[in-house]
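One-letter residues, chain by chain:
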Amino acid sequence: MAEQRNVDTFDYVIVGSGAAGSVLAHRLTEDPGITVCVLECGPPDRHPYIHVPAGFIKMLFNPNYTWQFQTEPGEGTAGRRIPTTQGRTLGGSSSINGMIYNRGQRADFDNWAQRGNRGWGYVDVLPYFKRTERRIGIGDDRIHGRSGNLPVTDIDWIHPVCEAFIDGAAGMGIPRCADYNSGDRQEGVGYFQRAIFKGYRHSAARVFLHPARRTGRLDVRTDARAAQVLFDGKRATGIRYIDDRDRTTEYRVFARREVILSCGTVNTAKLLQLSGVGPASVLQDIGVPVLADLPVGENFRDHYSARIVARVKNVRTINEMARGMGLAGQIARWMLGKPSILALSPSLVHWFWKSDDALDFPDLQGVFSPASYRQGFVGLLDEFPGMTCGVWQHRPESTGYVHARSTDPFTDPVIQPNYLKDPMDRRVMLAGMRLARRLLHTPELAAYFDGDVLPGPEVHSDDEWLDFARRYGSTAYHLIGTARMGPASDPTAVVDDELRVHGLQALRVVDASVMPNMPSANTYCSTMMIAEKASDLIRGRPPLAPVEGIAA
Ligand SMILES: Cc1cc2nc3c(=O)[nH]c(=O)nc-3n(C[C@H](O)[C@H](O)[C@H](O)COP(=O)(O)OP(=O)(O)OC[C@H]3O[C@@H](n4cnc5c(N)ncnc54)[C@H](O)[C@@H]3O)c2cc1C
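This structure is a prediction, so every number in the text was calculated from the model and none was measured.

(A) Layout of the overall build of the protein. Helix and strand counts for the protein stand at 14 helices and 26 strands. Over its C-alpha atoms the protein spans a radius of gyration of 23 Å, differing by no more than 12% from the 24 Å that the globule rule assigns to 552 residues. Considering only C-alpha atoms, the protein reaches an extent of 70 × 55 × 50 Å along its principal axes. For the protein, with 552 residues in total, the buried portion stands at 56%. Considering only contacts in the protein between residues 6 or more positions apart, those separated by 24 or more positions represent 69%.

(B) Examining the pairing of strand S19 (residues 349–353) more closely. In terms of burial, S19 is largely enclosed, as five of its five residues are buried. Covered by surrounding structure in S19 are Val349, Trp351 and Trp353 together with His350 and Phe352, the residues of both alternating faces. Bridge count between strand S8 (residues 188–191) and S19: four bridges; the pairing is antiparallel. Among the inter-strand pairings, Val189 is bridged to a residue of S19, identified as Trp351.

(C) Here's a closer look at the environment of Glu72. If you trace the backbone, Glu72 turns up in the loop between strand S3 (66–70) and strand S4 (83–87). Looking at Glu72, the number of C-beta atoms within 10 Å reads 15, which means it is partly exposed. With residues up to four places along the chain from it excluded, the contact list for Glu72 reads Arg81, Val414, Ile415 and Gln416.

(D) Geometry of the site of the ligand. Near the ligand you find 42 residues, and of these Gly16, Gly18, Gly92, Gly98 and Tyr524 are the closest. In terms of residue class, the shell around the ligand is made up of 17 nonpolar, 21 polar and four charged.

(E) Representation of the packing of helix H1 (residues 19–28) against helix H14 (residues 524–539) in the model. For the pair H1 and H14, the least separation of the axes is 8 Å and the interaxial angle reads 35 degrees. Where H1 crosses over H14, the handedness of that crossing is right-handed. On H14, the residues touching Ala19, Ala20, Val23, Leu24, Arg27 and Leu28 of H1 are Tyr524, Thr527, Met528, Ile530, Ala531, Glu532, Ala534, Ser535, Ile538 and Arg539. When its residues are assigned to classes, the contact of H1 with H14 shows eleven nonpolar, two polar and three charged.

(F) Summary view of the environment of Leu90. Position of Leu90 relative to the elements: it lies in the loop between S4 and strand S5 (100–101). For Leu90, a count of 28 C-beta atoms within 10 Å gives the class buried. C-alpha separation for the pair Leu90 and Ser17, spaced 73 residues apart in sequence, amounts to 5.4 Å. Sequence-distant contacts of Leu90, that is, excluding residues within four places in its chain, are made with Ser17, Glu40, Pro44, Asp45, Ser95, Ala205, Leu209 and Thr222.

(G) Structural detail: the confidence of the model for the protein. Mean pLDDT over the protein stands at 96; residues scoring 70 or higher make up 98%. The least confident element of the protein is strand S1 (residues 4–15), whose mean pLDDT is 82; the most confident is strand S26 (residues 507–509), at 99. Across residues 1–5, confidence stays below pLDDT 50; counting only partners more than four residues off in sequence or on other chains, it has eight contacts.

(H) View of the sheet that holds S5. In spatial order, the strands read S5-S9-S7-S6; together these four strands make up an open sheet with mixed pairing. The sheet is open, and its two borders are formed by S5 and strand S6 (133–136), each paired with just one other strand. By the bridge criterion, four bridges tie S6 to strand S7 (residues 150–154) in an arrangement that is parallel. Within S7, the position partnered with Ile136 by the bridge is Thr153.

(I) Helix H4 (residues 106–114), seen in detail. The complete set of buried residues in H4 reads Arg106, Ala107, Asp108, Phe109 and Trp112. The inward-facing, buried residues of H4 contact helix H5 (122–132).

(J) Local environment of the nonpolar core. Counting residues in hydrophobic clusters, the biggest one holds 160 residues, and the most contacted among them are Val13, Leu24 and Ala25. Per-element tally for this core: the top contributor is H14, with eight residues. Residues within four places of Val13 in sequence aside, it is in contact with Cys37, Leu39, Gly238, Ile239, Val253, Ala255 and Val259.

What counts and how
- Residues numbered from 1 in each chain as written.
- Predicted model: local features only at pLDDT ≥ 70, side-chain atom pairs only at ≥ 80, totals over all residues.
- Helix = DSSP H or I, 4+ residues; strand = E, 2+ residues; numbered from the N terminus.
- Rg over C-alpha atoms; globule rule 2.2 N^0.38 Å.
- Buried ≥ 20, exposed ≤ 12 C-beta atoms within 10 Å, placed from the backbone.
- Contact = placed C-beta atoms within 7 Å.
- Pairing = 2+ DSSP bridges.
- Near = placed C-beta within 6 Å.
- Nonpolar A, V, L, I, M, F, W, Y, C, P; charged D, E, K, R; others polar.
- Axes fitted to C-alpha atoms, helices over the stretch in contact; angles between N-to-C directions.
- Left-handed = near helix turned anticlockwise from the far one by under 90°.
- pLDDT = per-residue confidence, 0-100.
- Core = buried A, V, L, I, M, F, W, Y, C linked by C-beta atoms within 7 Å.

Below, the structure written as structure tokens:
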């Protein structure tokens, strides 16, 4: 029998201290007198590998700091389960992610607004992107923020293979892109902007959550696993949570104003379902009484990526630099504040391009690095010099679901992404993979190219390429959509355009799960933008003035 103790009341209770939860905690505690409690299932973010950018590769496999989710097998993954790691510490996935700052296209957000979400078009959300950002480097000040909490920097480590790759892409007609975050001119090739500054990762916890603790009105509880949203009728009143270390001691914390779920796309869906908010059939299967019959957990989307790998000659790649004396030298450089592989994001170069010449805007994102991983899966570096060109489709049509398996808060839910199920996704991926291979075969890169590794040179036909994608493809970790934003008339919607759960009171969802559709980008800064905007909605402040006059 679980013991119950420690009952407290705050103005707001936020579940999850990730990208969204950290921003929210910061903004809500800006109001004098307001008290906020953040519950985080994971431990504090003290591990040094969180803060050194290259530690990413180690943290991915550390179960103390990550959720080690596995997807269900599917046809699109040749029957494989895909490891779908998520962050589980202060900062959530922003403490273990690839640190790429990528907003997407104007059309992404205009599409959100077009679905009936007032105030979520590009000109409306742009000021919220800006409010988060402290851009250090080139950029139009109408589009980039200069005084936000999150430093966004350019790469300071230039490798000849990256330069040759960019020259080769330009030679193929993919123009060099000065700023892919301009909203309107994404297409092209160049280096990524990153949340790395002075050699360190700048997670959402580091720049938003921890500074807010100085107000004295933010109570951050780690190792606190939310197990259920508490309701009085249809009004959310608090959270029941369990000590994640002893897995036994139960607590309750109450919210005078609102309960806000920011547990990420998988766990927000699970927590809602355990609390009686979800599809009636799913709740009945696990024996939970239905409080609100809503499509929680449906509309799950992710970027499914394929990584094309080649051997490299005539130059050292990250594969060798990360070993033995090479690594010692890199550590020394990092400690002296010099450019080093320790301060890199896993992907250095981007390319955005079209799967078909008839398109107006890119529908493909590619990434490139002078490094390669065994079996093409980001993890252990190859023993030989290598380079990788990854690719995924911007806006996948295939949708999947997240369903709680049982009422046990310690059991991971079923995650079925249905990768590559939609024929459109297969067509776009085929074009993307072929383009990625061509990008590794340019004359400009020839001095360094030493043969195809993945897939081998024998792969040519559509069937062979798709077979490769199914057997070697993986998540890009951009999970969205399980608490989709949309009007009550939309049968796929879970929250309204103020992120309030339909049919319930004092309960909002603020994280990547509310995205109605996939942005044509990595999802970190869009999630922070959502939290920035949500904070104004929650505080009852007028929205920031739309940024007009930006060329469409
Ligand atoms: C490996 C990886 C690499 C990525 N690389 C990039 C990148 O380079 N660029 C980019 O733009 N995006 C990237 N992303 C995606 C980006 O990090 C996410 O989109 C973003 O962090 C989502 O924010 P969130 O607030 O929805 O969830 P998260 O940041 O995941 O935060 C959710 C938090 O809630 C906590 N939580 C969950 N359940 C409970 C519970 N029951 N009780 C208490 N706490 C709970 C979790 O432990 C976690 O701390 C990456 C993601 C991963 C995992």
